Amino acid sequence: MSDGRVDTSVNLGGVALRNPVLTASGTFGYGAEFAPFFDLTQIGGIVAKSITLEPRQGNQPARIAETAAGMLNAIGLENVGVEAFIAEKLPALAEGVVVVASVFETEIDRYAEVCKRLAGVSRVAGIEINASCPHVKSGGIEFGQRAEVLAQLVRATRRATASPLFVKLSPNVTDIREMARVCEAEGADGVSLINTLQALDVDIATRRPVLRNVLGGLSGPAIRPVALRMVWQASQAVRIPICGIGGIMNAEDAIKFLICGATAVQVGTANYLNPMAALEVAEGIEAYLRDSGLGRVTDLIGTLEVPTK
Amino acid sequence: MSDGRVDTSVNLGGVALRNPVLTASGTFGYGAEFAPFFDLTQIGGIVAKSITLEPRQGNQPARIAETAAGMLNAIGLENVGVEAFIAEKLPALAEGVVVVASVFETEIDRYAEVCKRLAGVSRVAGIEINASCPHVKSGGIEFGQRAEVLAQLVRATRRATASPLFVKLSPNVTDIREMARVCEAEGADGVSLINTLQALDVDIATRRPVLRNVLGGLSGPAIRPVALRMVWQASQAVRIPICGIGGIMNAEDAIKFLICGATAVQVGTANYLNPMAALEVAEGIEAYLRDSGLGRVTDLIGTLEVPTK
Amino acid sequence: MNADTALPLRVDAPVLANRSEGGANYRLRLGVAGWPGAAPGHFVMLSPGARGAALRFDPLLPRPMAVYRTLGTTASPEIEVLYKATGRGTQLLAEARVGDFVRVVGPLGIPFSLPEAGRAALLVGGGTGIASLYELAACAAARGPVVVMLGARNADDLMGCDDFAALGVEVRIATEDGSRGHRGRVTEMLEAALVGERSGEIIYACGPTPMMRRAAEIAAARGRSCQVSLENHMACGFGVCLGCAVPRADGKIALVCRDGPVFDATHVDWAGVP
Amino acid sequence: MNADTALPLRVDAPVLANRSEGGANYRLRLGVAGWPGAAPGHFVMLSPGARGAALRFDPLLPRPMAVYRTLGTTASPEIEVLYKATGRGTQLLAEARVGDFVRVVGPLGIPFSLPEAGRAALLVGGGTGIASLYELAACAAARGPVVVMLGARNADDLMGCDDFAALGVEVRIATEDGSRGHRGRVTEMLEAALVGERSGEIIYACGPTPMMRRAAEIAAARGRSCQVSLENHMACGFGVCLGCAVPRADGKIALVCRDGPVFDATHVDWAGVP
Ligand SMILES: Cc1cc2nc3c(=O)[nH]c(=O)nc-3n(C[C@H](O)[C@H](O)[C@H](O)COP(=O)(O)OP(=O)(O)OC[C@H]3O[C@@H](n4cnc5c(N)ncnc54)[C@H](O)[C@@H]3O)c2cc1C
Ligand SMILES: Cc1cc2nc3c(=O)[nH]c(=O)nc-3n(C[C@H](O)[C@H](O)[C@H](O)COP(=O)(O)OP(=O)(O)OC[C@H]3O[C@@H](n4cnc5c(N)ncnc54)[C@H](O)[C@@H]3O)c2cc1C
Ligand SMILES: Cc1cc2nc3c(=O)[nH]c(=O)nc-3n(C[C@H](O)[C@H](O)[C@H](O)COP(=O)(O)O)c2cc1C
Ligand SMILES: Cc1cc2nc3c(=O)[nH]c(=O)nc-3n(C[C@H](O)[C@H](O)[C@H](O)COP(=O)(O)O)c2cc1C
Ligand code: FES
Ligand code: FES
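Residue indices begin from 1 for each chain and proceed along its sequence in written order. Chain labels run from A onward and ligand labels from 1 onward, assigned in the order the entries are written. Local features in a predicted model are, by the rule used here, given only for residues with pLDDT of at least 70; side-chain atom pairs are given and counted only at 80 or more, and totals for whole chains, interfaces and linings are based on all residues. Based on all heavy atoms of the structure, the side-chain values leave hydrogens and waters out of the count.

### Remarks on the packing of helix H4 (residues 176-185) of chain B against helix H5 (residues 224-237) of chain B
All names here are of chain B.
Piece 1. The interhelical angle for the contact between H4 and H5, taken along N-to-C directions, is 45°, at an axis separation of 9 Å. If you check the angle between H4 and H5, you find them oblique. The crossing of H4 and H5 is right-handed. In this structure, H4 contributes Ile176, Arg177, Ala180, Arg181 and Glu184 to the contact, and H5 contributes Met230, Gln233, Ala234 and Ala237.
Piece 2. Residue polarity follows a fixed list, in which Ala, Val, Leu, Ile, Met, Phe, Trp, Tyr, Cys and Pro are nonpolar, Asp, Glu, Lys and Arg are charged, and the others, Gly among them, are polar. Its residues assigned to classes, the contact of H4 with H5 shows 5 nonpolar, 1 polar and 3 charged. Only the stretch in contact is used when a helix axis is fitted, and all axes are lines through C-alpha atoms; the angle between N-to-C directions ranges over 0 to 180 degrees. Comment: elements are numbered from the N terminus, with helices defined as DSSP H or I runs of at least four residues and strands as E runs of at least two. Roughly parallel covers angles under 35 degrees, roughly antiparallel covers those over 145, roughly perpendicular covers 65 to 115, and oblique covers all other angles. By definition, any crossing whose near helix is turned counterclockwise from its far helix by less than a right angle is left-handed, and any crossing with a clockwise turn is right-handed. Any pair of residues with heavy atoms lying within 4.5 Å of one another is described as a contacting pair.

Shown next, in the form of structure tokens:
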């Protein structure tokens, strides 16, 4: 717009965000760790580290490794548990910081229980269900890898909470559209994608996996084109809002997700190499909107122009 | 071994290779293009560009784009067709070059027909079925993405040829083990993995996909950790030999695949940036064997040491 | 030996010089052992940073670059490349220091066909395309009158003008902002030049697609023959990735690296060029 | 202000110097605007090439590096880093030229606790770990007698010996090939030194895990207290990725970047350190 002011606010499935930039679960701690670097109210919000019913210790090292334009991680379930999250982590955050709680567990009823514990906690603007967890009952395959299991998970957590409910999808599936539709059908307010791609790397000196857990999750720029594909496919399949995640290093990357139909994005691995990445992405999106004469970020969302074959 | 000589030969499902290094279909043309760069008999063999029954023209441009530590491609089915392959391309290759023909089509019976045409062609040491093609009848989903469709494809092509038959798996699936088992059950002599990850990238200036085809396949170092994971999972699931593919840039990368259980590897995208990549990989593997005192490459295959939890 | 049919080689070439020439322009000199020589229009694929101490795979793909000219001695041949550091790969190339190595694959492609002796040539270059025309200007000048028309956004953006002038050919310059020479597009200059001028010149164009397309239209309208050198995205440069496709006027697909980069302008389906 | 509790900052720091010091060793000086100062044991995360003209995401992760020492003025503070160019990231760092930018996040971690006044200190450093001990040696020397034992594979591999000597502390050197000082492991020197010597020294160790583990065993056997600074793979350096876990003797997990890198040697479950 001529006066150079643009509207970056979006409504993500009932959560009002000043701009479409959140931080991805597990890459931003519980938020307070980033307070030294920038004012967290300047971004849309943060998705906290996934929490379980009880505190968990996670895997033995090595837990991370670097790969080509990416990294592997197998942290395990390490987290402070829902009670400490509510009692200690949330109060540590400044007024006005929008917080989405992320939940993972090993059983569906435990997922639901964590959601119940979060009910009425004023600082929790929404809940994101991390469906990339191994489901013990179905032999270690991720909740998000089987439509029936995912449906049960969403149904149970939907019943357990009145807050805006987002389901974070696993990319390790044949058809992401099917998974997104399941979430929509079961009443989720939105889907977040993608979580990490299941991967493995090897040390040829020791002939051992680089991670103690053998398998790990691949994140970073390497996976961005896969994430963009899935976000675009999901946006064609469902009407609920999509939060785009995967390899976002800068504003240009984030804008690609918005163009592909994401209502908001989450910055993940980039926070490690640049603790101010999320702020810079938010500022860069605003600059892009101004430069391209778009008044509202919503004018950009889903504008991918597909050539007619 | 003390005298410094090592045995790099492997038997890949009935195809004897002087070393475990082949070139990946679609990244090595029909072979002759690389004759100026090195003697093709010095590597295990080449997998030719996938061929169809009739010559095909492929997609309109843009067909390729660069991504973080990777590239996207959507070439389409461009190839000279099986007849020209036999009449013109094979004879252009020097004596002693081991050639695996790669076949793709849009219908199962057409796949089988191409295999029949290749029967008794002396230069064809084996056939690799590219299962990453959209299957028209099942609404554009890849043959390799549905176990029952894949089973039909392998059954039909197995019946159509007596040559060593390899199935190249699509990585765009929930469980690669299931797909590998299907191939083994239907009599394939081996599986090759992985093909490209379905992906998308966007030009934020034009808000268009970078590829005319919208979606493309991601290859290069970016996908290597995903490929290693799938090769290791497949090696746990089947007894037939595995050909490891995905982001191999140098000998170290190739050795990782062998350690994860691949009997041989295919060098793909690396051929573009370094037309001598396959030769250097073969030489590097031999050097590694010598340095680590292994007498035979078969002593290395499947030696991944998994920590006891 | 005949450079037109030279087999390509792959060399990790030492950087002998890599200087900024103002604006985004750089001049790179590489020692290429065994270089078979190149004809006007030949190109190479350059992998920036491929041989730095630290293995880098981002950016991954090599960059196609015209052989600006061949230097050095038969014993130790050198090639010069004029390039613009605009994106990630060329910026990385601009960081290469003397002693670093840059992977070279080439010579590649089908070169220009030179004008018959006595025939006048009009060379039209824009942006990075200028670099593809220097050797052509040199060879054409030995056969007949040559006019070189160079276009750029502004004076800073121009490459190699002095080199062309040093060949003794007539150099006309157009910049969009008028900061040097004619204010406007180089194709306007071409159009003007063809009016009334003695006919029969052969036209060569290399630059941004719209420029080449316009040059092709003008040549057709004036009944002149025109060769263009297309700048397409490439992964391999020697016909194996099938990535560099352009549609031909006859509806078939051509590969820019193998069937080109030089094409008869009338053989290109301009509407389909990316 | 108190450096121990300084909040970390993120600065894209100009490279003021980046010289080879023989072998794989390099000395990097960075201008870090707003640097709050650092205590012995503090580290920074450095992103090589993060601010080169060409955006690079391979290698992706920043590298943890000890603050070797703080230089410059309060107005324009500088930090010095001593590093070994061994892998992809540090080799890229070695390519950084004066004027380039390197992203710095820090100061990070919990520093060493200094010996009480009058208490003798024995510093044992090996390989890259030597760099974590310089500021400690300087501070400890102001409080009591200091002996620094530096170990390396060979003379070339040694870092910063002269700097330590210039502090006026006693420096003893061990190389595995005997090319300088005692032939053998630095921990053998430590063991020998503790025999008969007046007891009560506090031991500080930083280097390869086996070296620190051995130092911890020796200290325990001789009833000396020992602090170690662990070198673990890190993605963030400030406690958010949970990647730098090490098992503690009590069975719990500690984060090297947040709960360390300095630990009381008896609190570490050495068998589980990667
Ligand atoms: C036959 C031929 C000869 C050429 N000769 C020269 C020359 O002499 N001097 C010169 O400066 N440039 C030349 N170009 C253009 C040059 O290849 C591109 O400017 C360069 O590849 C851009 O890379 P980048 O890293 O700056 O851009 P990026 O945006 O980082 O490139 C991303 C990808 O797109 C490709 N790409 C982007 N722009 C172009 C383009 N205009 N043409 C082809 N590929 C592109 C890159 O190769 C890379 O694969 C030539 C191109 C061709 C096809
Ligand atoms: C608190 C701390 C302080 C350090 N201080 C110094 C110092 O002052 N000088 C110095 O030379 N080195 C220091 N190191 C070690 C230094 O971080 C590694 O040598 C460096 O990360 C290796 O990176 P690379 O690119 O050479 O190796 P690559 O093999 O390319 O590294 C691949 C990945 O492994 C990690 N990695 C590899 N080796 C190590 C290691 N030994 N420690 C931690 N991560 C590793 C890298 O950070 C990267 O994530 C310190 C480490 C820590 C934890
Ligand atoms: C070290 C690490 C830990 C992570 N932990 C979680 C987690 O606890 N819950 C979750 O939903 N996602 C987790 N993720 C996944 C990220 O939220 C994100 O989906 C993924 O990394 C892809 O985005 P990126 O490429 O921008 O990092 C983690 C990622 C990393 C790298
Ligand atoms: C440009 C291009 C074309 C390809 N064409 C084919 C093909 O025709 N048939 C096939 O089976 N795989 C094809 N592939 C996939 C490769 O064979 C290989 O499986 C994939 O690129 C992963 O390996 P890489 O990362 O080493 O390239 C192609 C890949 C590229 C990049
Ligand atoms: S660039 Fe690969 S075929 Fe032309
Ligand atoms: S390095 Fe990220 S938590 Fe320690």
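Let us keep going from here.
### Some words on the relation of the copies chain B and chain A
Piece 1. Superposing copies: least-squares fit, C-alpha atoms only, residues required to have pLDDT of at least 70 in both. Under the fitted operation, chain B is carried onto chain A by 0.0 Å of movement along the axis and a turn of 180°, and the coordinates agree to an RMSD of 0.0 Å. On this basis, the relationship between the two copies can be described by a two-fold rotation axis.
Piece 2. When the interface residues of chain B are mapped onto chain A, 100% of them again lie at the interface, so the same face is used by both copies.

### Observations concerning helix H2 (residues 134-141) of chain D
Piece 1. The classification of residues rests on relative accessible area computed with a 1.4 Å probe and restricted to protein chains. Under 20% of the type maximum is buried, over 50% is exposed, and intermediate values are partly exposed. When H2(D) is considered as a whole, its buried residues turn out to be D:Tyr134, D:Glu135, D:Leu136, D:Ala137 and D:Ala140.
Piece 2. Looking at the buried side of H2(D), the elements it contacts are strand E5 (69-72), strand E8 (121-126), strand E9 (146-152), helix H3 (161-166) and strand E12 (202-206) of chain D.

### Points about the site of ligand 1
Piece 1. For each residue, the test is whether any non-hydrogen atom lies within 4 Å of the molecule or strand; if one does, the residue is near. Taken together, 23 residues lie near ligand 1, and C:Pro64, C:Leu82, C:Gly87, C:Gly89 and C:Thr90 sit nearest.
Piece 2. Surrounding ligand 1 are residues belonging to chains B and C, so the site spans chains.
Piece 3. Polar contacts, as used here, are pairs of N or O atoms within 3.5 Å; protein pairs need one atom able to donate a hydrogen and one able to accept it. Residues neighboring in sequence count only if both atoms are side-chain atoms. Between C:Lys84 and ligand 1, the recorded distance is 3.0 Å, taken from a backbone N or O atom to an oxygen atom.
Piece 4. Taking C:His233, its side chain carries an N or O atom lying 3.2 Å from an oxygen atom of ligand 1.
Piece 5. Coverage of ligand 1 by the protein chains reaches 84% of its 830 Å² of free accessible surface. For every accessible area listed, the method is Shrake-Rupley and the probe measures 1.4 Å; residues are considered covered only by the protein chains on display.

### Brief notes about empty space enclosed by the protein
Piece 1. Cavities and pockets are defined on a 1 Å grid built over the protein atoms alone: a cavity is a set of grid points where a 1.4 Å probe fits but cannot escape, while a pocket is an open set with protein on both sides within 12 Å along at least five of seven lines, and lining residues are those with an atom within 4 Å of any such point. Grid points are joined across faces, edges and corners, and a volume is the space filled by probe spheres set on the points. If you walk through the whole model with that rule in mind, you get 2 cavities of 30 Å³ or more.
Piece 2. Counted as a void, the largest cavity has a volume near 100 Å³.
Piece 3. Every residue lining the largest cavity is counted, 14 residues in all, and those nearest its centre are A:Pro171, A:Asn172, A:Leu197, B:Pro171 and B:Leu197.
Piece 4. Contributions of two or more residues to the lining of the largest cavity are made by helix H5 (224-237) of chain A together with H5 of chain B.
Piece 5. A class-by-class count of the residues in the lining of the largest cavity yields 10 nonpolar, 2 polar and 2 charged.
Piece 6. If you trace the second largest cavity, you find it lined by A:Leu12, A:Leu22, A:Val47, A:Val100, A:Glu128, A:Phe166, A:Ser192, A:Cys243 and A:Gln266.
Piece 7. Residue composition of the lining of the second largest cavity, grouped by class: 6 nonpolar, 2 polar and 1 charged.

### Some details on the side chain of C:Thr90
Residue and element names in this part refer to chain C.
Piece 1. Note on placement: Thr90 falls in helix H1 (residues 88-94).
Piece 2. At 3.3 Å, the side chain of Thr90 and the backbone oxygen of Lys84 are in polar contact.
Piece 3. Of the polar contacts made by the side chain of Thr90, one reaches the backbone nitrogen of Gly87; its length is 3.2 Å.

### Concerning the packing of aromatic side chains
Piece 1. Any pair of Phe, Tyr and Trp rings, taking the six-membered ring for Trp, is counted once the centres come within 6.5 Å. Such a pair is stacked with planes under 30 degrees apart, edge-to-face with planes over 60 apart, and tilted for the rest. Overall, the coordinates contain 22 aromatic pairs over all chains when judged by the stated rule.
Piece 2. Ring plane angle 10° and centroid distance 3.7 Å describe the contact between A:Phe28 and A:Phe34, whose orientation is recorded as stacked. One exposure class covers both A:Phe28 and A:Phe34, and it is buried.
Piece 3. Among the aromatic residues, those joined into a cluster by ring pairs are A:Phe28, A:Phe34, A:Phe37, A:Phe38 and D:Phe238.
Piece 4. Across the ring face of C:Tyr134, the terminal group of C:Arg69 is positioned such that the distance to the ring centre comes to 5.2 Å. Only lysine NZ and arginine CZ atoms are considered, and such an atom sits over a ring when it is within 6 Å of the ring centre and within 35 degrees of the ring normal.

### Focus: the sheet that holds strand E7 (residues 101-108) of chain C
Residues and elements named next belong to chain C.
Piece 1. Strands are labelled as partners when DSSP assigns at least two bridges between them. Sheet architecture is open: 7 strands sit in the order E4-E3-E7-E1-E2-E6-E5, paired in antiparallel fashion. This sheet does not close on itself; its edge strands, each paired only once, are strand E4 (63-66) and strand E5 (69-72). Strand-to-strand twist in this sheet, taken as the mean axis angle between neighbours without regard to direction, amounts to 40°.
Piece 2. In the sheet, strand E2 (residues 25-31) pairs with strand E6 (residues 77-84) via 7 bridges, with the strands oriented antiparallel. Its bridge partner being in E6, Tyr26 is matched across the sheet by Tyr83.

### Description of the environment of B:Arg56
Residue and element names in this part refer to chain B.
Piece 1. Its place among the elements puts Arg56 in the loop between strand E4 (45-47) and strand E5 (64-67).
Piece 2. For Arg56 and Leu77, which are 21 residues apart along the polypeptide, the C-alpha to C-alpha distance reads 5.9 Å.
Piece 3. Setting aside residues no more than four positions away along its own chain, Arg56 makes contact with Leu77, Glu78, Asn79, Glu105, Thr106 and Arg110.
Piece 4. At a separation of 3.4 Å, a polar atom in the side chain of Arg56 contacts the side chain of Glu105.

### Examining the site of ligand 3
Piece 1. Near ligand 3, the surroundings consist of 23 residues, among which A:Ser25, A:Ser50, A:Lys168, A:Gly247 and A:Thr269 are the closest.
Piece 2. Residues near ligand 3 are shared among chains A and D, making this a multi-chain site.
Piece 3. Side-chain polar atom of A:Lys49 to an oxygen atom of ligand 3: 3.0 Å apart, as the coordinates give it.
Piece 4. A distance of 3.0 Å is found between an oxygen atom of ligand 3 and a backbone nitrogen or oxygen belonging to A:Ile194.
Piece 5. Isolated, ligand 3 exposes 610 Å² of accessible area, and the fraction of that covered by the protein chains is 97%.

### What to know about the pattern of salt bridges
Piece 1. The working definition used for a salt bridge is a side-chain nitrogen of Lys or Arg within 4 Å of a carboxyl oxygen of Asp or Glu. Applying the stated rule across the entire model yields 68 salt bridges over all chains.
Piece 2. The closest approach of N and O atoms between A:Glu286 and A:Arg290, which form a salt bridge, is 3.2 Å. In this pair, A:Glu286 and A:Arg290 both sit in helix H8 (residues 277-291), 4 residues apart, roughly one turn of the helix.
Piece 3. Using a relative accessible area of 28% as the deciding quantity, one classes A:Glu286 as partly exposed.
Piece 4. Of the residues examined, A:Arg290 reaches a relative accessible area of 34% and is grouped as partly exposed.
Piece 5. Taken together, the salt bridges that share partners define one network made up of C:Arg19, C:Glu21, C:Arg27, C:Arg69, C:Glu80 and C:Asp163.

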